[in-house]
Amino acid sequence: MNSGEETASALGRPWRAPRDHSGPTFVTGRGAWLVDRNGHRVIDATSGALNVFCGHGVERVVDAYASQLRTLAHVDMSQGLSEPAHRLADRLREIPGHGDDRFFFGNSGSEAIELAVKISSLYWSAVDSRRTDIVTFEPGYHGSTALCQSLSGLPQTSSTPDRCAGSVHHLDFGEFTGPGRRSPEARSHIAGQLRAILAGSAAGTVLVEPFLNVGGGIRLPEGLLGDIRRVCDEYGALLVLDEVFTGLGRTGAWFAQEHEGVRADLTAFSKGLTNGVCALSAVAVGEPVLERLPTGSVVTYGHTMSASAAACAAASATLEHMSATGAVAAAHETGGRLLGALGRELRGADGVLDVRGHGLALSVELDSAHIAGSVQHVAYDLGAYTRQQGRTIMLAPPACLSGEEEDRLADHVVTAVRKVVAAR
Ligand SMILES: Cc1ncc(COP(=O)(O)O)c(C=O)c1O
């Protein structure tokens, strides 16, 4: 993997040291493949920033975006509306279970979370003004704005100086994987703790990810989301699901909540919405919440580029492309086969703590972050670009992966793990 030294420029990066230029520099992307500036081709098992769900360079999406830019790029949504924004909201209503929802748009996933929190506060201002607090879970990740970092429960967000104080109750999920993994009783323990917080505090809103993305690539134990929904119902709390990562197909369903038969009151989603062509996020708000918002109230949230006409056109084209290509079913099937292949070769192998996955979000958990870093490098040289999150290697390839690409990806990762572990 390119050390990056010869690529030094004036570029600063997010979530990195100010002068860090390590890692490859890419020049082209097509389908499931990326090419770096040395001409090295790799399968993109990161789907861009986990958002290029249908693969790079989907003509239908790029054309829709470019054509909308030429027709009408943007309208200030606080003043007027655009046809593409209307069309996108109506198109999103076609997703099963969302026929009565209203969709509010932002740019980033963090903005969608802030928007969801804002709408929840508005709800509580009408329903019970004492219920101002929010419950979130550790090790959850909800974004990088000051509010989102304070809602998150990860070491990398807990030390930020701009962390918002107060009003957030962090409930520790504990370890679901690894040597100190939680017992099956974890579910009832967590539900009990949530009950205690809702009974004894001003909390009215519960924010949770159905799949811990940055927190280690972990699907919540089966049934836990349903338990959380039931406890929310017992105490009349709003359930906000952070489907920024899982939304729109990643886990092999339109939304991960479908797997558990759970309906959130508000769902935030973003990655995959425009297939990485431009920034766009959304919050789906159910009718029961909408109808209780105070009469005459205003959602005091929005940004200059919120719901840009061009982004909405790209999103509608992405949804059309997903339906036309059966991308959600492909994520389920390809993900299942990849998990089978990785599990057969690596489960129980030296240096491997766990192999798990949900749709096209797969994780190989190794016994140290150092080993995971080396695996990422070796896999890259072999032809697979993966994500490293602590001691976990995450594979989140696009749904367009062919059978041959799928085999290559699994093979490169298995070979890399064996090679690195054998050499230590
Ligand atoms: C679950 C989850 N929530 C929120 C966010 C924040 O989204 P963004 O980086 O677009 O602000 C992310 C980003 O990775 C995420 O995975």
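Because the structure is predicted, anything quoted here is derived from the model rather than measured. Each chain carries its own residue numbering, running from 1 in the direction its sequence is written. With pLDDT at 70 or above as the cut-off, local features in this predicted model cover only qualifying residues; side-chain atom pairs require 80 or more to be listed or tallied, and sums for whole chains, interfaces and linings still use all residues. Working from all heavy atoms in the structure, the side-chain values ignore hydrogens and water.

**Student:** So, empty space enclosed by the protein: which residues are in play, and what are the values?
**Tutor:** Put plainly, a pocket is an open set of points on a 1 Å grid over the protein atoms alone with protein on both sides within 12 Å along at least five of seven lines, a cavity is a set where a 1.4 Å probe fits but cannot get out, and a lining residue has an atom within 4 Å of a point. Grid points are joined across faces, edges and corners, and a volume is the space filled by probe spheres set on the points. Inspection of every chain in the model, using the stated rule, returns 2 cavities of 30 Å³ or more. Taken as a whole, the largest cavity encloses approximately 60 Å³ of empty space. Looking at the largest cavity, the residues that line it are Pro210, Arg219, Leu220, Pro221, Leu225, Ala256, His259, Glu260 and His358. Taken together, the residues that form the lining of the largest cavity break down as 5 nonpolar, 2 polar and 2 charged. In this structure, the second largest cavity occupies an estimated 30 Å³ of space. Polarity classes work like this: nonpolar for Ala, Val, Leu, Ile, Met, Phe, Trp, Tyr, Cys and Pro, charged for Asp, Glu, Lys and Arg, and polar for all others, with Gly in that last group.

**Student:** Describe the packing of helix H7 (residues 186-200) against helix H8 (residues 224-234), naming the residues involved and giving the relevant values.
**Tutor:** To obtain an axis, a line is fitted to C-alpha atoms, over the contacting stretch when the element is a helix, and the angle between two such axes runs from 0 to 180 degrees between their N-to-C directions. Secondary structure elements are taken from DSSP: a helix is a run of H or I of four residues or more, a strand is a run of E of two residues or more, and numbering for both begins at the N terminus. At a minimum axis separation of 10 Å, H7 and H8 run at an interaxial angle of 25 degrees. By the angle between their axes, H7 is roughly parallel relative to H8. As H7 runs across H8, the sense of the crossing is right-handed. Packed against H7, whose contacting residues are Arg187, Ile190, Ala191, Leu194, Arg195 and Leu198, the element H8 presents Leu224, Asp227, Ile228, Arg230, Val231, Cys232 and Glu234 at the interface. In terms of residue class, the contact of H7 with H8 is made up of 8 nonpolar, no polar and 5 charged. Angles below 35 degrees are treated as roughly parallel, those above 145 as roughly antiparallel, those between 65 and 115 as roughly perpendicular, and all remaining angles as oblique. The sense of a crossing depends on the near helix, which, turned anticlockwise from the far helix by less than a right angle, makes the crossing left-handed and, turned clockwise, makes it right-handed. Contacts: residue pairs with any heavy atoms within 4.5 Å of one another.

**Student:** Just give me the short version of the pairing of strand E10 (residues 238-243), but keep the residues and values in it.
**Tutor:** When you tally the buried positions in E10, you get 6 out of 6 residues, the bulk of the element. For every residue, the accessible area obtained with a 1.4 Å probe (protein chains only) is divided by the maximum for its type, and the residue is called buried under 20%, exposed over 50%, and partly exposed between those limits. The side-chain alternation of E10 yields two buried faces, one formed by Leu238, Val240 and Asp242 and the other by Leu239, Leu241 and Glu243.

**Student:** Can you tell me about the site of the ligand, naming the residues and giving the values?
**Tutor:** Within the structure, the ligand sits among Ser108, Gly109, Ser110, Tyr141, His142, Gly143, Glu209, Asn213, Asp242, Val244, Phe245 and Lys271. N or O atoms closer than or at 3.5 Å make up a polar contact, with two conditions inside protein: a donor-capable atom paired with an acceptor-capable one, and, for residues adjacent in sequence, both atoms drawn from side chains. Contact distances for the ligand include 2.8 Å between an oxygen atom and a backbone N or O atom of Gly109. Between the ligand and Tyr141 there is a distance of 3.4 Å, counted from a nitrogen atom to a backbone nitrogen or oxygen. A class-by-class count of the residues in the shell around the ligand yields 3 nonpolar, 6 polar and 3 charged. Summary of the distance rule: residues count as near a molecule or strand when at least one heavy atom falls within 4 Å of that molecule or strand.

**Student:** So what's going on with the sheet that holds strand E6 (residues 168-172)? Residues and values would help.
**Tutor:** For two strands to be treated as a pair, DSSP must find no fewer than two bridges joining them. If you walk across this open sheet you meet the 7 strands as E4-E12-E11-E10-E7-E5-E6, and the pairing is mixed. In this open sheet, the two edge strands, each paired with only one partner strand, are strand E4 (102-106) and E6. The sheet shows a mean angle of 20 degrees between the axes of neighbouring strands, direction not considered. As paired strands, strand E7 (residues 203-208) and E10 are joined by 4 bridges and run parallel to one another. Within E10, the residue paired with Val206 across the bridge is Leu239. Contacts from helix H3 (residues 83-92) reach E4 and strand E11 (266-269) within the one sheet, and its direction differs from that of E4 by about 125 degrees. Along the sheet, helix H4 (residues 109-127) contacts E4, strand E5 (133-138), E7, E10, E11 and strand E12 (281-285); its crossing angle with E12, the most-contacted strand, is approximately 30 degrees.

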